[in-house]
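Listed here are the chains, written in short residue letters.
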Amino acid sequence: MVDDEWNMRNLLRIYLLQEGFATKEASTGREALSMIEKHNFDLILLDVMMPDMDGWQVCRAVRESSQTPILMLTARSETKDKVHGLGIGADDYLTKPFEPEELLARIHSLLRRSNIFRVSASQEQVLEHPELRIYPQAREVQVQGERILFTQKEFDLLHLLARSGQRVFTREELVEQLWGNDYGGETRVIDTHVKNIREKLLKAGLSYVPVQTVWGLGYKFQIPGNVE
């Protein structure tokens, strides 16, 4: 739990302990990053407005080395803030004030979705394409043999499209696959993740764009020479 307000951390601790969760707390972003380096957490609850490092900065720093699910908790309720948070690597976004039941439901959903993708990935073979390899079990992407770092949701999105042939997914279908039926956020976050995936692959030297836009419908995975 990362929040500079003791009262909020205290409330969160009470809710989570009652549900059987073990918790650790940080009151600043820098303290949180130090703890994350030392411990293997299942989930991070992250406030946005903090004095030394805001939640956006902490989220970006975490995503440089960890795929741990992040649930952002903040009083900032504008759609642009939600899209921004999800776009930089957060897995869910809950605005304050919130009901304990909703918080716990989102936590359980994130943990469940994270476990589903881990189990699914462990059962699948490496996906090999020109210049590109996707390792489901290791949750790793390589371009020309070099590892590319993706956030958890970026990897899940690329892997889902890559293993589905040339099937076209709508944004709504992708949101349901990655976040579940109980996700109430904007589908535009899919566009942000697709943009990030494309930029990272091209920056790494991939000579083509495998995630293709199907205008008016959504997205699909397509490699050179495999055109309908």
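Given the structure is predicted, the values throughout are model-derived calculations rather than measurements.

### Side note on the UniProt feature "modified residue: 4-aspartylphosphate" (unreviewed entry) in the protein chain
Okay, step 1: Under the present numbering, the feature "modified residue: 4-aspartylphosphate" (unreviewed entry) in UniProt falls on Asp47.
Okay, step 2: Assignment of secondary structure puts Asp47 in strand E1 (residues 44–47).
Okay, step 3: Asp47 sits in the buried class, given a relative accessible area of 6%.
Okay, step 4: Excluding anything up to four places from it in sequence, Asp47 contacts Val2, Asp3, Asp4, Gly55, Leu73, Thr74 and Lys96.

### What about the pattern of salt bridges?
Okay, step 1: Considering all chains together, one arrives at 16 salt bridges under this definition.
Okay, step 2: Note that Asp91 and Arg63 form a salt bridge whose closest N and O atoms lie 2.9 Å from each other. Linking Asp91 in the loop between helix H4 (79–87) and strand E3 (92–95) with Arg63 in helix H3 (residues 55–63), this pair joins segments that are 28 residues apart in sequence.
Okay, step 3: In this structure Arg63 comes out as buried when scored by relative accessible area, which is 5%.
Okay, step 4: Within this structure, Asp3, Asp47 and Lys96 form a network of salt bridges that share partners.

### A closer look at H3
Okay, step 1: Within H3, the full set of buried residues consists of Gly55, Trp56, Val58, Cys59, Val62 and Arg63. One side of H3 holds all its buried residues, which, seen down the axis, span an arc of 165°.
Okay, step 2: Residues of H3 that are buried make contact with helix H2 (29–38), E1, strand E2 (70–74), H4, E3 and helix H6 (152–162).
Okay, step 3: Backbone nitrogen of Trp56 and a side-chain oxygen of the N-cap are separated by 3.0 Å at the start of H3; the cap is Asp54.

### A short note on the nonpolar core
Across soluble globular proteins, you tend to see nonpolar side chains buried next to one another.
Okay, step 1: The biggest cluster of nonpolar side chains holds 30 residues, and the ones touching the most others in it are Leu132, Val141, Phe150, Leu158, Leu174, Ile190 and Leu201.
Okay, step 2: Secondary-structure elements contributing two or more residues to this core are strand E5 (132–135), strand E6 (140–143), H6, helix H7 (171–179), helix H8 (189–203) and strand E10 (218–221).
Okay, step 3: Of the residues forming this core, the biggest block, six residues, is contributed by H6.
Okay, step 4: Those residues in contact with Ile190, other than ones at most four positions away along the chain, are Leu157, Arg171, Leu174, Val175, Trp179 and Tyr219.
Okay, step 5: Listed in part, the 20 residues of the second largest apolar core include Val2, Ile36, Val48 and Met72.

### A look at the sheet that holds E6
Okay, step 1: Strand order across the open sheet formed by four strands is E4-E5-E6-E7, with antiparallel pairing between neighbours. Looking at which strands have only one partner, the edges of the open sheet turn out to be strand E4 (127–129) and strand E7 (146–148). Pairwise comparison of adjacent strand axes, ignoring direction, gives a mean angle of 20° for this sheet.
Okay, step 2: Across three bridges, E4 lies against E5 in antiparallel orientation. Bridged to Leu127 within E5 is Ile134.
Okay, step 3: On top of the sheet, H6 reaches E4, E5 and E6; it is set at about 110° to E5, its chief contact.

### Details of the packing of H2 against H3
Okay, step 1: Running from N to C, H2 and H3 cross one another at 20°; their axes reach a closest spacing of 10 Å. Considered as vectors, H2 and H3 are oriented roughly parallel to each other. The way H2 lies across H3 gives a crossing that is right-handed. When H2 is examined against H3, the residues Gly29, Leu33 and Ile36 are found in contact with a partner set consisting of Val58, Ala61 and Val62.

### Section: the sheet that holds E2
Okay, step 1: Here we have three strands laid out as an open sheet, ordered E1-E2-E3, and parallel in their pairing. One side of each edge strand has no neighbouring strand; the edge strands of this open sheet are E1 and E3. Geometrically, the sheet is characterised by an average inter-axis angle of 25° between neighbouring strands, direction not taken into account.
Okay, step 2: Across four bridges, E2 lies against E3 in parallel orientation. Looking at the pairing, Thr74 lines up with Thr95 of E3.
Okay, step 3: Its contacts with the sheet put H3 on E1, E2 and E3, and the angle it makes with E2 is roughly 175°.

Conventions adopted
Numbering of residues starts from 1 in every chain and runs along the sequence as written. Only residues with pLDDT of at least 70 are given local features in this predicted model, and only at 80 or more are side-chain atom pairs given and counted; all residues enter the totals for whole chains, interfaces and linings. Water and hydrogen atoms play no part in the side-chain values, which are based on all heavy atoms of the structure. UniProt positions are given in the numbering used here, feature names are shortened, and annotations may be inferred rather than shown by experiment. For the purposes of this entry, the term helix denotes a DSSP run of H or I that reaches at least four residues, the term strand denotes a run of E that reaches at least two, and both are numbered from the N terminus. For every residue, the accessible area (1.4 Å probe, protein chains only) is compared with the maximum for its type, and the residue is labelled buried under 20%, exposed over 50%, or partly exposed between those bounds. Residue contacts follow a heavy-atom distance rule, with two residues in contact if any of their heavy atoms lie within 4.5 Å. The term salt bridge refers to a side-chain nitrogen of Lys or Arg lying within 4 Å of a carboxyl oxygen of Asp or Glu. The directions considered for the arc are those from the helix axis to the C-beta atoms. Polar contacts here mean pairs of N or O atoms no more than 3.5 Å apart (in protein, one a potential hydrogen donor and the other a potential acceptor; neighbouring residues in sequence count only if both atoms are side-chain atoms). Throughout, nonpolar core names a set of buried Ala, Val, Leu, Ile, Met, Phe, Trp, Tyr and Cys residues whose side chains join them through atoms within 4.5 Å. By definition, two strands form a pair when at least two bridges between them are found by DSSP. Axis lines are fitted to C-alpha atoms, over the contacting stretch for helices. Their N-to-C directions set the angle, which ranges from 0 to 180 degrees. Just so you know how the angles are binned, under 35 degrees is roughly parallel, over 145 roughly antiparallel, 65 to 115 roughly perpendicular, and the rest oblique. Helix crossings fall into two classes, left-handed where the near helix is turned counterclockwise from the far one by less than a right angle and right-handed where it is turned clockwise.

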